[in-house]
Amino acid sequence: AQSVTQLDSQVPVFEEAPVELRCNYSSSVSVYLFWYVQYPNQGLQLLLKYLSGSTLVKGINGFEAEFNKSQTSFHLRKPSVHISDTAEYFCAMGGGSEKLVFGKGTKLTVNP
Amino acid sequence: ETGVTQSPTHLIKTRGQQVTLRCSSQSGHNTVSWYQQALGQGPQFIFQYYREEENGRGNFPPRFSGLQFPNYSSELNVNALELDDSALYLCASSLGFGSGGYGYTFGSGTRLTVV
């Protein structure tokens, strides 16, 4: 069975500090991996995706993620966060079927 | 290019009632997927429609049903509502079926509260 585990439910950081949101996945087939962001009372916005090729993926708003097949991880990073990055972040996996499998989310809170 | 539009944005229903949620897909997209997001959880796949046919279903009972229309818009129907059906329902459209290689566009969701 496919599964996605987000290792931190909440991550508080100070503005302009770096951040890493951790995501591990489990799958017996090749996967696509995604990070989505959800602001309060809104839907999901795609930050970045890994389909194939380079393992370092750059997305919107200065975010990037690295696909690590040996560690089955797809961690999201940003070198310097802003207050406006406060949101919930979801890691998701596709490729084995028609559905996306999501993690439970990580709430990122950026403090001044 | 319009995005994915969902209606209504919020609604409150009584246990045992029926509800219909609507979704207009992004221009050019022919596939619609529905997800349920309970409070504090990640979205869970309900089903996907491609060219008006169900293309896959998650672990949801038959009282969750759907339709896709020739213009690729879609409806999610839930019968015999239960308190646990309270959630944010997200619609996502894409070009081509499957799990995201083509990229999903999500709507803002419908917040359903069952009392």
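A brief structural summary. Note that this is a predicted model, so its numbers are computed, not measured.

Focus: the overall build of chain B
If you tally the helices and strands in chain B, you get zero helices and 11 strands. In sequence order, chain B lays out its α and β elements as β-β-β-β-β-β-β-β-β-β-β. Its C-alpha radius of gyration of 13 Å places chain B within 12% of the 13 Å reference for a compact globule of 115 residues. Across its three principal axes, chain B shows a C-alpha extent of roughly 35 × 25 × 25 Å. Long-range contacts, defined as pairs at least 24 residues apart, comprise 55% of the intrachain contacts of chain B with a sequence gap of at least 6.

Considering the interface of chain A and chain B
Each side of the interface is counted separately: chain A has 20 residues, and chain B has 23 residues. When chain A packs against chain B, close to 1,600 Å² is buried across both sides, 56% of that on carbon and sulfur atoms. At the junction of chain A with chain B, the criterion picks out zero salt bridges. Remark: the boundary between chain A and chain B carries two residue pairs in polar contact (both at pLDDT 80 or more).

Focus on the sheet that holds strand β3 (residues 19–24) of chain B
Residue and element names in this part refer to chain B. What the four strands build is an open sheet, ordered β1-β3-β8-β7; its pairing is antiparallel. Each of the sheet's edge strands pairs with one partner strand only, and the pair in question is β1 (5–7) and β7 (64–68). Across this sheet, the average inter-strand angle for adjacent strands is 15°, counted without regard to direction. Strand direction decides the pairing type here: β7 and strand β8 (residues 74–78), joined by five bridges, are antiparallel. What sits directly across from F64, in β8, is V78.

Some remarks on the pattern of salt bridges
Counted under the stated rule, the structure contains nine salt bridges over all chains. Put simply, D85 of chain A and K78 of chain A hold a salt bridge, and the shortest N to O gap is 2.8 Å. Assigned by exposure class, D85 of chain A and K78 of chain A land together as buried. Note that E75 of chain B is salt-bridged to R22 of chain B, the shortest N-O span being 3.5 Å. Here R22 of chain B lies in strand β3 and E75 of chain B lies in strand β8, a separation of 53 residues in the sequence. Given a relative accessible area of 42%, R22 of chain B falls into the partly exposed group.

A closer look at unusual backbone geometry
Cis rather than trans, the peptide bond between S7 of chain B and P8 of chain B has omega equal to -10°. Here P8 of chain B lies in the loop between β1 and β2 (10–13). For N41 of chain A, which is not a glycine, the phi torsion comes out positive at approximately 60°. Tracing the backbone shows N41 of chain A in the loop between β5 (32–38) and β6 (45–50).

Things to note about the pairing of β6 of chain A
Residue and element names in this part refer to chain A. Pairing geometry for β5 and β6, over five bridges, is antiparallel. The partner of F34 across the bridge, within β6, is K49. Hairpin connection between β5 and β6: a loop of six residues separates the two successive antiparallel strands, and N41 in this loop has a positive phi of roughly 60°.

A look at the layout of surface pockets
By rolling a water-sized probe across the atoms, one finds the places where empty space is left. In this model, the largest pocket occupies a volume close to 330 Å³. For the largest pocket, the lining is made up of 18 residues, of which Q38, P40, E88 and K107 of chain A together with Q37 of chain B are closest to its centre. Elements with a contribution of two residues or more to the lining of the largest pocket: β10 (87–94) and β12 (106–111) of chain A. Residue contributions to the lining of the largest pocket peak at three residues, all from β12 of chain A. Looking at side-chain class alone, the lining of the largest pocket contains seven nonpolar, eight polar and three charged residues. Quantified by volume, the second largest pocket comes out at close to 220 Å³. Where the lining of the second largest pocket is concerned, the elements lending two or more residues are β1 (3–6) and β11 (101–102) of chain A together with β5 (44–50) of chain B. Residue composition of the lining of the second largest pocket, grouped by class: seven nonpolar, five polar and one charged.

So, how was this worked out
Residues numbered from 1 in each chain as written. Chains lettered and ligands numbered in written order. Predicted model: local features only at pLDDT ≥ 70, side-chain atom pairs only at ≥ 80, totals over all residues. Heavy atoms only, no water. Helix = DSSP H or I, 4+ residues; strand = E, 2+ residues; numbered from the N terminus. Rg over C-alpha atoms; globule rule 2.2 N^0.38 Å. Contact = heavy atoms within 4.5 Å. Buried area = accessible area lost by both parts, 1.4 Å probe. Salt bridge = Lys/Arg side-chain N within 4 Å of Asp/Glu carboxyl O. Polar contact = N/O pair within 3.5 Å; in protein donor to acceptor, adjacent residues only side chain to side chain. Pairing = 2+ DSSP bridges. Axes fitted to C-alpha atoms, helices over the stretch in contact; angles between N-to-C directions. Buried < 20%, exposed > 50% of the residue type's maximum accessible area, 1.4 Å probe, protein only. 1 Å grid on protein atoms, 1.4 Å probe; cavity = no way out; pocket = protein on both sides within 12 Å on 5 of 7 lines; lining within 4 Å. Points joined across faces, edges and corners; volume = space filled by probe spheres on them. Nonpolar A, V, L, I, M, F, W, Y, C, P; charged D, E, K, R; others polar.

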